[in-house]
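Working through the structure, step by step
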Number of protein chains: 2
Amino acid sequence: MLAAAAEELQRGGYDGLSIDRVAERAGVAKTTLYRRWPSKAELVVALITSLREEIPFEPSDDPRRDLTALVSAIAAGLTETPTTLVADLAAAAAREPRVSESVRTLWAERHRAVTAVVAKAQEAGLVLGHVSPAVLVDQLVGPLYYRLLVTGEPLSPDYARTLVRSVLGPEESR
Amino acid sequence: MLAAAAEELQRGGYDGLSIDRVAERAGVAKTTLYRRWPSKAELVVALITSLREEIPFEPSDDPRRDLTALVSAIAAGLTETPTTLVADLAAAAAREPRVSESVRTLWAERHRAVTAVVAKAQEAGLVLGHVSPAVLVDQLVGPLYYRLLVTGEPLSPDYARTLVRSVLGPEESR
DNA sequence: TTATTTACGCTACCGCTGTAGCGTAAAGGC
DNA sequence: GCCTTTACGCTACAGCGGTAGCGTAAATAA
């Protein structure tokens, strides 16, 4: 069933994924799908969770470089994912608490990775202000979603670098 | 028609707003609604735009205070608005370019106001880094949407203050 | 006054998400 | 061997967003 759903999702995005067609393609009754997943949104979340691969990332000794790499990777992942998919998942999460939980754990992994590196950078004295890491993470990752979902501006790799530079301050010597 | 739509929107949110019911309540055929607005999303955008009041804000001589007030006002507006409404509009904007344009102009006013104050703060030498105002605005406003739509954390007034402090640095003397 | 445009109401329809209810085959406990 | 549970298929349906086509009343132009 998940395989059929994956094909449908790839073919037509979130809207194009029809439960009827998934059922037909999987050779299964529609009611069976609804017995396993209580809504289309939860099916898609389960599908994405099952397909998700970890971000390959091992921390080096240079927090600035690590942070740039992480934020760039998140930005790249967001630009690859169809925008409607992200937006529809956010909308579904706003409606259903169960979906909200699943979606949250979907992003949480990346959020935690960024938090760890930010904390390390702060310990190394690389951060300008005196704010909690959580807020800095929001200011690194939040603008990506803001641009994607609200303003519609592009998420260039340059933009990710600029975000990091803004939080860490300009690099000094070399 | 907009009045009927407003009642429906207030009663049941974006989902609860049914075009059929709006038509019935307004004493109008459904096709008439679709002749004026090509989709449900565009109807809602038009409705919100017509209901929208400007943020009362006149700049003082203290950019820090202005920025805090602006970001807090935006955060307050977002917490008052049902989350599903914001999310559904974002989703509709991701699908339809026409909706995207309307939604964009909806937020653009506030975005521009913040940009102006940030530029003024930067001229006054209040900003720590050396980044363009546009990026700073993203780092002030983006986290609000990120929390609202992705992580689900609350948008307290304290949080707005923290965001400003993170961008401007801690206040110095008094 | 007459002809034409414009806007509207109405019905019927498509495809969609999600639900209710019924029949049935397989699995597990005794 | 028997009986209960579990899972499934199937049909039918409600409500939704959105569309096509037809008839018609009102405004406008000549």
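A brief structural summary.

Topic: the overall build of chain A
Helix and strand counts for chain A stand at nine helices and zero strands. When the helices and strands of chain A are read in sequence order from the N terminus, they spell out α-α-α-α-α-α-α-α-α. Principal axes of the C-alpha set define a box for chain A whose edges measure 65 × 30 × 25 Å. Counting across all 174 residues of chain A, residues that qualify as buried make up 36%. A fraction of 64% describes how many contacts in chain A between residues 6 or more apart in sequence connect residues 24 or more apart.

Description of the protein's contact with DNA strand C
For DNA strand C, the set of nearby residues contains 16 residues, the closest of which are Ser18 and Lys40 of chain A together with Ala29, Thr31 and Thr32 of chain B. Counting only elements with at least two residues in the surface near DNA strand C, the list comes to helix H2 (19–26) and helix H3 (30–36) of chain A together with helix H3 (30–36) of chain B. The class makeup of the residues in the surface near DNA strand C is six nonpolar, five polar and five charged.

Some words on the protein's contact with DNA strand D
Taken together, the neighbourhood of DNA strand D is formed by 15 residues, with Ala29, Thr31 and Thr32 of chain A together with Ser18 and Lys40 of chain B sitting nearest. For the surface near DNA strand D, the elements supplying multiple residues, two or more each, are H3 of chain A together with helix H2 (19–26) and H3 of chain B. Here the surface near DNA strand D is composed, by residue class, of five nonpolar, five polar and five charged.

What to know about the relation of the copies chain B and chain A
Each copy superposes on the other: chain B lies on chain A with an RMSD of 0.1 Å after a rotation of 180° and an axial shift of 0.0 Å. The relationship between the two copies is best expressed as a two-fold rotation axis. When the interface residues of chain B are mapped onto chain A, 100% of them again lie at the interface, so the same face is used by both copies.

Re the interface of chain B and chain A
Residue-level contacts link 35 residues of chain B with 35 residues of chain A. Those elements that place two or more of their residues in the side of chain B that touches chain A are helix H6 (83–95), helix H7 (97–123), helix H8 (133–151) and helix H9 (157–168) of chain B. Tallying contributions element by element places H8 of chain B first for the side of chain B that touches chain A, with 13 residues. Residue composition of the side of chain B that touches chain A, by class: 17 nonpolar, twelve polar and six charged.

Observations concerning helix H4 (residues 40–51) of chain A
Think of an α-helix as turning once every 3.6 residues; residues three or four places apart then point the same way. All names here are of chain A. An ideal rise of 1.5 Å per residue puts 16 Å on twelve residues; H4 measures up with 17 Å between its terminal C-alpha atoms. Taken together, the buried positions of H4 are occupied by Ala41, Leu43, Val44, Val45 and Leu47. Its buried side turned inward, H4 meets helix H1 (2–16), H3, helix H6 (83–95) and helix H7 (97–123).

Topic: the packing of H1 of chain A against H2 of chain A
Residue and element names in this part refer to chain A. At their nearest, the axes of H1 and H2 sit 9 Å apart, and the two run at 130° to each other. Comparing the axis directions of H1 and H2 gives the class oblique. Of the two elements, H1 crosses H2, and the hand of that crossing is right-handed. Contacts from Ala4, Ala5, Glu7 and Glu8 of H1 reach H2 at Arg21, Val22, Arg25 and Ala26. For the contact of H1 with H2, the residue count by class is four nonpolar, no polar and four charged.

A word on the nonpolar core
What tends to happen in soluble globular proteins is that the nonpolar side chains get buried as a cluster. Ala90 and Leu149 of chain A together with Ala90 and Leu149 of chain B are the most contacted members of the largest nonpolar core, which has 95 residues in total. Those residues in contact with Leu149 of chain B that sit more than four places away from it in its chain are Ala90, Tyr145 and Leu149 of chain A together with Val86 and Ala87 of chain B.

Structural notes on the environment of Ile74 of chain B
Residue and element names in this part refer to chain B. Turning to its location among the elements, Ile74 is positioned in helix H5 (residues 63–80). By the C-beta count within 10 Å, which is 22 here, Ile74 ends up buried. Sequence separation of Ile74 and Ala26 is 48 residues, and the distance between their C-alpha atoms is 32 Å.

Cut-offs and rules
Residues numbered from 1 in each chain as written. Chains lettered and ligands numbered in written order. Predicted model: local features only at pLDDT ≥ 70, side-chain atom pairs only at ≥ 80, totals over all residues. Helix = DSSP H or I, 4+ residues; strand = E, 2+ residues; numbered from the N terminus. Buried ≥ 20, exposed ≤ 12 C-beta atoms within 10 Å, placed from the backbone. Contact = placed C-beta atoms within 7 Å. Near = placed C-beta within 6 Å. Nonpolar A, V, L, I, M, F, W, Y, C, P; charged D, E, K, R; others polar. Least-squares fit on C-alpha atoms with pLDDT ≥ 70 in both. Expected span 1.5 Å × (residues − 1). Axes fitted to C-alpha atoms, helices over the stretch in contact; angles between N-to-C directions. Parallel < 35°, antiparallel > 145°, perpendicular 65-115°, else oblique. Left-handed = near helix turned anticlockwise from the far one by under 90°. Core = buried A, V, L, I, M, F, W, Y, C linked by C-beta atoms within 7 Å.

The analysis is restricted to geometry; functional conclusions fall outside its scope.
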